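# Report on the structure
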Amino acid sequence: MVVWWILARLGLLSSERVLFHGLGDNRSPLATMVVAYGGAAGILWLAAWVMGVGRFVPQAFWPGAVYALSFGLYTTSLAKGEVGQVSAWANATPVMLFLWHPTGTYWAWVAVAGFVAGAFWLGGVGRHFSRGVLWMVLSDLVLVAGRLMDVAHAGLNPLGYAASLYLTVTLWMAVVALAYGQLGAAGKLLRERPLWGAGAAAANGGSYLTLFFLLGMMPVTLIEVISALAGVGATVIGVIGFHEQGRSRKILSATMMTLAVVLLLYDHRGLLRVQ
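Here is a short report on the structure shown in this document. (Residues numbered from 1 in each chain as written. Predicted model: local features only at pLDDT ≥ 70, side-chain atom pairs only at ≥ 80, totals over all residues. Heavy atoms only, no water.)

### Structural notes on the overall build of the protein chain
- Along its length, the protein chain carries 12 helices and 0 strands.
- Listed by position from the N terminus, the elements making up the protein chain come as α-α-α-α-α-α-α-α-α-α-α-α.
- In terms of overall dimensions, the protein chain is globule-like: its C-alpha atoms have a radius of gyration of 18 Å, near the 19 Å expected for 275 residues.
- With the C-alpha coordinates of the protein chain rotated into their principal frame, the extents come out at 55 × 45 × 35 Å.
- Residues classed as buried in the protein chain amount to 51% of the 275 residues present.
- Here the protein chain displays about 12900 Å² of accessible surface, and carbon together with sulfur accounts for 71% of that area.
- A distance of 3 Å separates the average location of the 16 positive side-chain charges in the protein chain from that of its 9 negative side-chain charges. (Helix = DSSP H or I, 4+ residues; strand = E, 2+ residues; numbered from the N terminus. Rg over C-alpha atoms; globule rule 2.2 N^0.38 Å. Buried < 20%, exposed > 50% of the residue type's maximum accessible area, 1.4 Å probe, protein only. Areas by Shrake-Rupley, 256 points an atom, 1.4 Å probe, with all protein chains shown as cover. Lys, Arg positive; Asp, Glu negative; His and termini not counted. Charge placed at Lys NZ, Arg CZ, Asp CG, Glu CD.)

Laid out in C-alpha cells, this is it:
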C-alpha cells in the first residue's frame, strides 16, 4: 500500500506542473489560478467532509493570503515558462530554508553547491535570463514565509487546515481576478479546456491528499525526498510532451538539482552523520 501511495504522489506532483502549463498556455494566469486552485479546494473539501473534518479553520485565513501569492507566482511561471526549465526550480524552497538557518555538516554545503551548479547548467539565469525562472524563485521565497507560518499551526488537523487554506487561497485569487476583470476569463478557460482544468485541479488537490495519507506511514523526511524527485519527472514529461529544445541538458541538470536537494534533506535529518 505504501508503494502505491508513493507512486501516486510522484505521479501527481510531476503531472501537476505539466497540467498547469497546458491549462495556462497563452491564457490569463489569473484565470488559470482560479480554475486550478478552485477545483483543488473543492476536492479537498469533499475529502474533509468524508473524513468528518469539514469545518473551516480560521487560522488558515492569513497564511492563505501568503500562499495565494506564492501559488500565483508558481502558476504564472508554469503557464508562461518552459516546463523543463522552471520545474526544477520549484525545489529551491528547501535550499532557501537551509540558507535561512544553516544546520548540518559539510554535506549540506556540498548539496547547495550542487544545486547552484545544476541551476546554472539548466539556464534561465545569468546571460540567458528567463522570467519564468524569476517567477518560480519568487514563488519559492514567498513559500518559505508560508511554511514558517504553518509551523505555528502544526497541531491542527492537516486535512481540515489544507481544505480551509485552499478555500482561502481561491477567495484571494477570485478577488484579484474580479478586480482585473478576469473572472469571466476563468469561466471561459474552464469551458475551453475542461480536461486540462480538471486534471490540474485533481493533481493539485490529490498531491496534498497523498501527503496526508503518507504522513501516517513514513517519516516526513522521506516524503520530502519523494516530493523533490517529482522535479525530474515533471522535467522529463514537459520536455517530451511540449517538444522543448535542449532535452538532455534540461533532464540532466534537473536531476542534478533534485539529487542535491535529496542530499540536503538527508543531511538535515542527520542521516549521513556518524553517531
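### Structural notes on the packing of helix α1 (residues 2-24) against helix α10 (residues 194-214)
- Taken N-terminus to C-terminus, the directions of α1 and α10 make an angle of 150°; their axes are 8 Å apart at the nearest point. Overall, the two elements α1 and α10 adopt an arrangement that is roughly antiparallel. Handedness of the crossing formed by α1 with α10: left-handed.
- Looking at side-chain class alone, the contact of α1 with α10 contains 18 nonpolar, 8 polar and 2 charged residues. (Axes fitted to C-alpha atoms, helices over the stretch in contact; angles between N-to-C directions. Parallel < 35°, antiparallel > 145°, perpendicular 65-115°, else oblique. Left-handed = near helix turned anticlockwise from the far one by under 90°. Nonpolar A, V, L, I, M, F, W, Y, C, P; charged D, E, K, R; others polar.)

### Section: the layout of surface pockets
- Counted as a void, the second largest pocket has a volume near 190 Å³.
- Surrounding the second largest pocket, P29, L30, M33, A65, A68, L69, G72, L73, T76, W172, M173 and V176 form its lining.
- Of the residues in the lining of the second largest pocket, the class split is 10 nonpolar, 2 polar and no charged. (1 Å grid on protein atoms, 1.4 Å probe; cavity = no way out; pocket = protein on both sides within 12 Å on 5 of 7 lines; lining within 4 Å. Points joined across faces, edges and corners; volume = space filled by probe spheres on them.)

### Remarks on a nonpolar patch on the surface
- On the surface, a nonpolar cluster with roughly 360 Å² of combined accessible area is contributed by M1, V2, F213 and M217.
- Locating V2 in the fold gives a position in helix α1. (Patch = residues over 30% accessible without salt bridge, like charges linked within 9 Å, V, L, I, M, F, W, Y side chains within 5 Å. Salt bridge = Lys/Arg side-chain N within 4 Å of Asp/Glu carboxyl O.)

### Some words on the nonpolar core
- Ranked by size, the top nonpolar core spans 72 residues in total, and within it Y37, L44 and L159 carry the most contacts.
- Top contributing element to this core by residue count: helix α2 (residues 29-50), with 13 residues.
- Residues within four places of L44 in sequence aside, it is in contact with L159, A162, A163, Y166, G205, Y208 and L209. (Core = buried A, V, L, I, M, F, W, Y, C linked by side-chain atoms within 4.5 Å. Contact = heavy atoms within 4.5 Å.)

### Quick notes on the packing of helix α3 (residues 61-80) against helix α8 (residues 158-179)
- Packing of α3 against α8 leaves a shortest axis separation of 8 Å and a crossing angle of 65°. As α3 packs across α8, the resulting crossing turns out to be right-handed. Where α3 approaches α8, its residues F61, W62, P63, G64, A65, Y67, A68, F71 and G72 are matched on the opposing element by Y161, L165, Y166, T168, V169, W172 and M173.
- Residue composition of the contact of α3 with α8, grouped by class: 13 nonpolar, 3 polar and no charged.

### Digging into the pattern of salt bridges
- In the structure shown here, the tally under the stated rule is 4 salt bridges.
- Its salt-bridge partner being E82, residue K250 comes within 2.5 Å of it at the nearest N-O pair. On the criterion of sequence distance, the pair formed by K250 in helix α12 (residues 247-268) and E82 in the loop between α3 and α4 (83-86) is long-range, its members being 168 residues apart.
- We classify E82 as partly exposed; its relative accessible area is 37%.
- When salt bridges with common partners are traced through the structure, they connect R27, K188 and E192 into a single cluster.

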